[in-house]
Amino acid sequence: MKTEIQSRADFSQVRYGQCWEDADILVKALLPKDRNCLSIGSAGDNSFALLAAGASHVTAVEMNPAQIQCIKLRQNAYLNLDYPDFLKTVLTSTGKFERYFNLFRSRVIPLAHNKKRITQLLQAKTQSEREDFYNHIWNNRRWRFIFKAFFSRFVMGRLGRDPAFFDYVEGSVADRILDRTKYALTTLDPSQNPYLHWILTGTYGKVLPLALQRESYDKIRSALQKNRFTIIESPLEETLGSEKFDAFNLSDIFEYMNEKATALLLEKIANASKPGARLAYWNMLAPRQSNSPRIKHLPTESEDLFHQDRAFFYSRFIVEEITERGLKSAYPPTHHH
């Protein structure tokens, strides 16, 4: 049976050639060391990042066959190539979302800013220098106009994601993303942001996401050699069975679900969890979090990590924990005579 999003969106192509969620905050949220992790696959980077951070095992779940091939390609690259060749092989620009950013970089940004100014933006500065640069040089009228047009719900749905991904979105897509972009360019440091580097230049420069860093490569390769990684081609809902996990990277999966479907899936996740299991996921534009008594929301941690999030399109980052109390009340003890 097709899941809600499978019946509404096209999954016949590579949607993402890389993960557009900040692995650094994911690892801080899930504390994956020695945990059995379930991770939404996407292009594989963040599933591999959990291995680099010491997960005992990672199961990458992905329902798009094209994305499965991206994950397998990375897996084979880690296992069979030395580090310089590995970096050359990782296809970070193959997906629909990357082509959308390529268009933004090649056709749209030049209408507002030349390459020299982009280089200036990405140079290390103090926060007050960044704010000054943004307010007086970067944030001109033309930038605001092209940004709002290009990141509108209509254009993003046609060129970047899938129109169905916006069914549960509230408010103006472009305004929300513009606010978050300002935050990424001023409060956070653009010179240390691999995602921003890639959007503006087509390369990560010297700042690599966690899964592509040299020391991560060695740890991931070792974990793969020890068979601590499994790929499952299936919707998440169908993967949750008898195996118990204690960390869940849920990407922004609830973005594509109504609130009832979200609640049902979170209950299934609670059933497949060990007490103390941790959940992490992003809200882009549709607000979602658990209201189950079995799942404890961690607001301070969520907010603190969200303020560090360098992949700046999201409006919230959610960290939750499965409570032992909730699990016990959900499963009353059996009495043996």
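Procedures and definitions
- Residues numbered from 1 in each chain as written.
- Predicted model: local features only at pLDDT ≥ 70, side-chain atom pairs only at ≥ 80, totals over all residues.
- Heavy atoms only, no water.
- Helix = DSSP H or I, 4+ residues; strand = E, 2+ residues; numbered from the N terminus.
- Buried < 20%, exposed > 50% of the residue type's maximum accessible area, 1.4 Å probe, protein only.
- Contact = heavy atoms within 4.5 Å.
- Areas by Shrake-Rupley, 256 points an atom, 1.4 Å probe, with all protein chains shown as cover.
- 1 Å grid on protein atoms, 1.4 Å probe; cavity = no way out; pocket = protein on both sides within 12 Å on 5 of 7 lines; lining within 4 Å.
- Points joined across faces, edges and corners; volume = space filled by probe spheres on them.
- Nonpolar A, V, L, I, M, F, W, Y, C, P; charged D, E, K, R; others polar.
- Expected span 1.5 Å × (residues − 1).
- Arc of directions from axis to C-beta.
- Salt bridge = Lys/Arg side-chain N within 4 Å of Asp/Glu carboxyl O.
- Right-handed = clockwise from strand over helix to strand, strands pointing away.
- Disulfide = S-S within 2.5 Å.
- Pairing = 2+ DSSP bridges.
- Axes fitted to C-alpha atoms, helices over the stretch in contact; angles between N-to-C directions.

J.: I tried to follow the overall build of the chain on my own but got confused; where do I start?
T.: Of regular secondary structure, the chain possesses 16 helices and seven strands. The proportion of buried residues among the 337 residues of the chain is 55%. Taking contacts inside the chain between residues at least 6 apart in sequence as the whole, the part at least 24 apart equals 77%. When the accessible surface of the chain is totalled, it reaches about 15000 Å², and 53% of it is carbon and sulfur.

J.: Teacher, can you tell me more about empty space enclosed by the protein here?
T.: Any space left empty among the atoms is revealed by the rolling of a water-sized probe across them. In the structure shown here, the tally under the stated rule is two cavities of 30 Å³ or more. Roughly 90 Å³ of internal volume is contained in the second largest cavity. When residues of the lining of the second largest cavity are traced back to their parent elements, those giving at least two are α5 (96-108), α8 (141-150), α10 (173-186) and α11 (194-201). Residues belonging to the lining of the second largest cavity are distributed by class as follows: 14 nonpolar, one polar and no charged.

J.: Which parts of the structure should I look at to understand helix α14 (residues 259-271)?
T.: Taking 1.5 Å as the rise per residue, α14 with 13 residues should run 18 Å; its terminal C-alpha atoms sit 19 Å apart, in good agreement. Buried residues of α14: T262, L265, L266, I269 and A270, and no others. Taken end-on, α14 shows its buried residues confined to a sector of 145°, consistent with a single buried face. In α14, those exposed residues whose orientation departs by more than 90 degrees from the buried face are K260 and L264.

J.: Which parts of the structure should I look at to understand the environment of E215?
T.: Examined against the element boundaries, E215 turns out to sit in helix α12 (residues 214-225). Its relative accessible area of 54% is what places E215 among the exposed residues. Residues E215 and A52, spaced 163 residues apart in sequence, show a C-alpha to C-alpha distance of 8.2 Å.

J.: Is there a simple way to explain the pattern of salt bridges in this structure?
T.: Where side chains of opposite charge bring their charged atoms close, a pairing between them can arise. What the rule picks out here adds up to eleven salt bridges. Measuring nitrogen to oxygen at the nearest pair gives 3.4 Å for the salt bridge that ties R310 to D24. Residue R310 is located in the loop between α15 (299-306) and β7 (316-322), and its partner D24 is located in helix α1 (residues 23-30); the two are separated by 286 residues in the primary sequence. On the basis of relative accessibility, which here comes to 15%, the residue R310 falls in the buried class. The salt bridge partner of E267 is R294, with a shortest N-O separation of 2.6 Å. Placement of E267 in helix α14 and of R294 in the loop between β5 (273-283) and β6 (295-297) is noted, with a sequence separation of 27 residues between them. Taking the relative accessible area as the measure of exposure, E267 reaches 27% and is therefore partly exposed. Judged by its relative accessible area of 7%, R294 falls in the buried class.

J.: Can you help me understand unusual backbone geometry in this one?
T.: Trans peptide bonds make up most of the peptide bonds, and negative phi angles are found at most residues other than glycine. Look at D34: it is not a glycine, yet its phi comes out positive at around 65°. By the element assignment, D34 lies in the loop between α1 and β1 (36-40). The exposure class assigned to D34 is exposed, which follows from its relative accessible area of 57%.

J.: Teacher, can you tell me more about helix α2 (residues 45-52) here?
T.: Three or four residues apart is the spacing at which side chains of an α-helix point the same way, because the helix has 3.6 residues per turn. For α2, the tally of buried residues reaches eight of eight residues, placing the bulk of the element in the interior. Buried residues of α2: D45, N46, S47, F48, A49, L50, L51 and A52, and no others.

J.: What am I meant to see in the pairing of β1 here?
T.: The side chains of a regular strand alternate between both faces of the sheet. Counting buried residues in β1 gives five out of five residues, a clear majority hidden from the surface. A two-sided burial pattern is seen for β1, the buried positions comprising N36, L38 and I40 on one face and C37 and S39 on the other. Tracing the backbone out of β1, into α2 and back to the parallel element strand β2 (residues 57-62) gives a crossover that is right-handed.

J.: Would you mind going over the layout of surface pockets with me for this structure?
T.: When its volume is computed, the largest pocket comes out at roughly 220 Å³. In terms of lining residues, the largest pocket is bounded by R105, S106, P110, H113, N114, K115, I118, T119, L122, L200 and T201. Those elements that place two or more of their residues in the lining of the largest pocket are α5, α6 (115-121) and α11. Ranked by the residues each element gives to the lining of the largest pocket, the list is headed by α6, at three residues. Of the residues that constitute the lining of the largest pocket, the class distribution is four nonpolar, five polar and two charged.

J.: Explain the state of the cysteines here, please?
T.: Here is the idea: a disulfide is a covalent bond, and it sits between the sulfur atoms of two cysteines. Enumeration over the complete set of coordinates arrives at zero disulfides. No disulfide involves C19; its sulfur sits 9.7 Å from the nearest other cysteine sulfur, which is in C70. Assessed through its relative accessible area of 4%, C19 is described here as buried.

J.: Sorry, what's going on with the sheet that holds β2 here?
T.: Strands in a sheet are paired, the pairing made by backbone hydrogen bonds, and the direction either parallel or antiparallel. The strand order β3-β2-β1-β4-β5-β7-β6 describes an open sheet built from seven strands, whose pairing is mixed. Here the strands that pair on one side only, and so sit at the sheet edges, are β3 (229-233) and β6. Strand after strand, the sheet turns through a mean of 20° between neighbouring axes, direction not considered. Bridge analysis of β6 against β7 gives three bridges, and the strand direction is antiparallel. Paired with K296 across the two strands is E321, which belongs to β7. This element, α1, spans β4 (245-249), β5 and β7 of the sheet and lies at about 155° to β5.

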